[in-house]
Amino acid sequence: MKILLYNPDNGVTRNFMPHLWMFLLRALTPPGHEVILIDGNAQPMDEESIARYVREHGVELVGIGAMTRMIAKAYRMADAVRAAGVKVVMGGPHVTEMADEALGRDGGARHADAVALGEADETWPRIVEDAVRGALKDVYAPVDDFGQERKPTLQPYPEIPWDKIDLKQFNVLPGMLQPLLKRVGEGWGTFRIIPVESGRGCPYGCEFCTVTGFFGDSIRFRTNESVVNELLRLKARAREEGGQIAVFFIDDNFAINVKRTKSLLRDIIAANAQVHWVAQISANLLRDEELVDLIAASGGKWIFIGMESIDPANLADVKKGFNKPGEYAVVLDRLAQRNVFAITSFIFGMDNDTPGVAERTLKEIRTWPPGLPIFGLMTPLPATPLYKRLEAAGRLTRPKHWQEFIPFAMAHTPLKMSIEEAHTEVRIGWASSYSPEAIGKAVESVNHKPLGYRINILIARLCFRGIYFPQMGRFAWLRAILENRRTIFKLIRQGFAGGLHAAAPTMKAQTIAERQN
C-alpha cells in the first residue's frame, strides 16, 4: 500500500523545521508499504493539488497530523483527499481533544475516516493493517487491556534513518543567499534544523498549555545511547555533505530531570557527538552552573525559554509562578558567558497586562544579551484549563477560533485592555525587535566574537522575523534581504577579509569531563 503522511502549513507562515511525527510514523510503519512524506511548510499545496497528487501517485491512505493553528487547513486538505476517494486518518493534539469535530459527530461535516488519539506510536501499525483490510475503525486510542490510557516508554526507540533521508526541502537558507554564504565559509551553503526528541511529558501543567494534556505529566526518556547514536548519524551526514545541520530537541522541557540531562550531555561529549543544538528549558532550571557548562560543551547554541511575562502576577495567574522575572537577566548572562543565547517568548493580553506592556518588556530585553525575542497573544486552546476558565466566565469572543485561523488575533477579551490594544502591543514588540536597525545592533553586539556567531545571529533573526512578517515567497525574502543589506554585506566583507572561524565553546569538553571525576 502507498501511504502519504502530510503535515499542513497554516496558510500564513512557514515553519523552518520538519515535524518529527512524520519521520517517526514512517519508521513505525510495518514492512511492505511505501511511505511518502510531504510537509506543507516546505512543499506548499492547496486542495486541488493534493487531490491530484493522491490520484496520480496511487495513494491509498493519507495520514494528517496538525496542531490547532493548522487544523482549518488540515480539514480542507482532508476533505479534498476524501473527495478523491482516498481514506484519511487524522491525529495530533487538536484532533485528540476534538475527535467529534474531526469525525463530524458535533453536527458539522466529517473530515476524517478515522482519528488517532494521543501518541500514535503503538496505534499506527494497527491503523495501517486495518486500512489494508478495508476495516478502519473510527477511533484508535492507546489503551491497555483494561481500557486505561497507555503511554509509550520510548525504550526501545525507532531508528530514524536521517543519514539516508532527502532533506533538500528543509534548507532554511534562501536560495539567493546560498552562493554568497558558500564563499564566506565552507559549509554555509546549506543549513537544516532537524527535530530530535530525548523525552516526552511535562509535570508543570501551565494553564494555557496543551502539553500535559497530550503527553501527560509522567516523564519518559529514551536511552542516552539511542540519542547519542542519532546525533552521530546527523553529524556524519553534515560532514559528508559539507553543510550545516543543527538539532532542535523538541522535548517540552529538555532539562526537566536535571540529573538525567547532565548524564546525557556528558555522554554526548564523551562520544564526540556534539552538533549545534537548540532546546526548550525553563528559566528556573538554568540556575545550575554545571548544567549550563555542559550545555555549552555539548554543542548547545540556543535555548528557548518561555518567559511569558515580566509581571509575577501574570505568571501566578497561569500557574507558571516558578518563573521568576528577577532571575531572567542573570540566567541570560550565564548562558551568554558560555556563548549560548536565548529565544525568549512572551505572551501579551494576559489578565494583568495594560497598554504599554510591550515597551515595558522591551526595556528589559534591551538590557539583556542579544537573543531572539518572540511575542504572541494569550490563546485559549481547546480543552486547556485556560479555555475552560474563560468559557465559564463568558469571555470567549471566538469560541471556535481555530475554524478560521487568523494569526495574532485574540479569541477572548482581556481584563485590563481592549483586544485591539493587545494586538497593537504585539505589533510594537515585533517591529521594535526585528527592524533592520535592531537586527544590525544585535549582530554588532557580538563583534568581539568569531564571524560564525554573527552569521548565526543574522540568520536566526531573519528566520524568526518571518513568524510575524511572512516570508513565504521569493519577493518577501528579497525584501527582507534588501532591508538588511548593510548588515549582510558587512558580514560578507568580513568573511572575505578574515575567513570564517569556527566558534568554540568557552569551556572545553575535556575540562568539563575532568570536573566530573
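Structure shown above.
All of these numbers come straight from a predicted model, not from anything done at the bench.

*Asks:* Teacher, can you tell me more about the state of the cysteines here?
*Replies:* In a disulfide, the sulfur atoms of two cysteines are held together by a covalent bond. By the definition in use, this model includes 0 disulfides. This cysteine, C202, is not joined by any disulfide, and C206 carries the nearest cysteine sulfur, 6.4 Å off. Overall, C202 belongs to the buried group, its relative accessible area being 10%. Of the cysteine sulfurs around C209, a residue in no disulfide, the closest is that of C206, at 6.1 Å. On the basis of relative accessible area, C209 is assigned to the partly exposed category, the value being 28%.

*Asks:* Help me understand unusual backbone geometry, please; the structure alone is not making it clear to me.
*Replies:* Comment: phi is negative for the bulk of residues other than glycine, and the bulk of peptide bonds are trans. A cis amide bond, omega 0°, links Q155 with the succeeding residue P156. The residue P156 is located in the loop between β6 (139-140) and α7 (178-184) in this model. Unusually for a residue other than glycine, L154 sits at a positive phi of about 70°. Structurally, L154 is set in the loop between β6 and α7. Backbone geometry places F408, a non-glycine residue, at a positive phi of 55°. As for its placement among the helices and strands, F408 is situated in the loop between α15 (385-392) and α16 (419-433). Here F408 falls in the partly exposed class, since its relative accessible area comes to 25%.

*Asks:* Sorry, what's going on with the pattern of salt bridges here?
*Replies:* All told, the structure shown has 39 salt bridges when counted by the stated rule. Note that E207 is salt-bridged to R389, the shortest N-O span being 2.6 Å. Of this pair, E207 sits in the loop between β8 (199-200) and α8 (211-215) while R389 sits in helix α15; the two residues are 182 residues apart in sequence, bridging distant segments of the chain. In this structure E207 comes out as buried when scored by relative accessible area, which is 5%. Across the salt bridge formed by E241 and R237, the nearest N and O atoms sit 2.8 Å from each other. Separated by 4 residues within a single helix, E241 and R237 lie in helix α9 (residues 224-241), roughly one turn from each other. You can call E241 partly exposed: its relative accessible area is 39%. Sharing partners across several salt bridges, the network here consists of E119, D121, E149, K151, E197, R200 and R220.

Rules behind the numbers
Residues numbered from 1 in each chain as written. Predicted model: local features only at pLDDT ≥ 70, side-chain atom pairs only at ≥ 80, totals over all residues. Heavy atoms only, no water. Disulfide = S-S within 2.5 Å. Buried < 20%, exposed > 50% of the residue type's maximum accessible area, 1.4 Å probe, protein only. Helix = DSSP H or I, 4+ residues; strand = E, 2+ residues; numbered from the N terminus. Salt bridge = Lys/Arg side-chain N within 4 Å of Asp/Glu carboxyl O.

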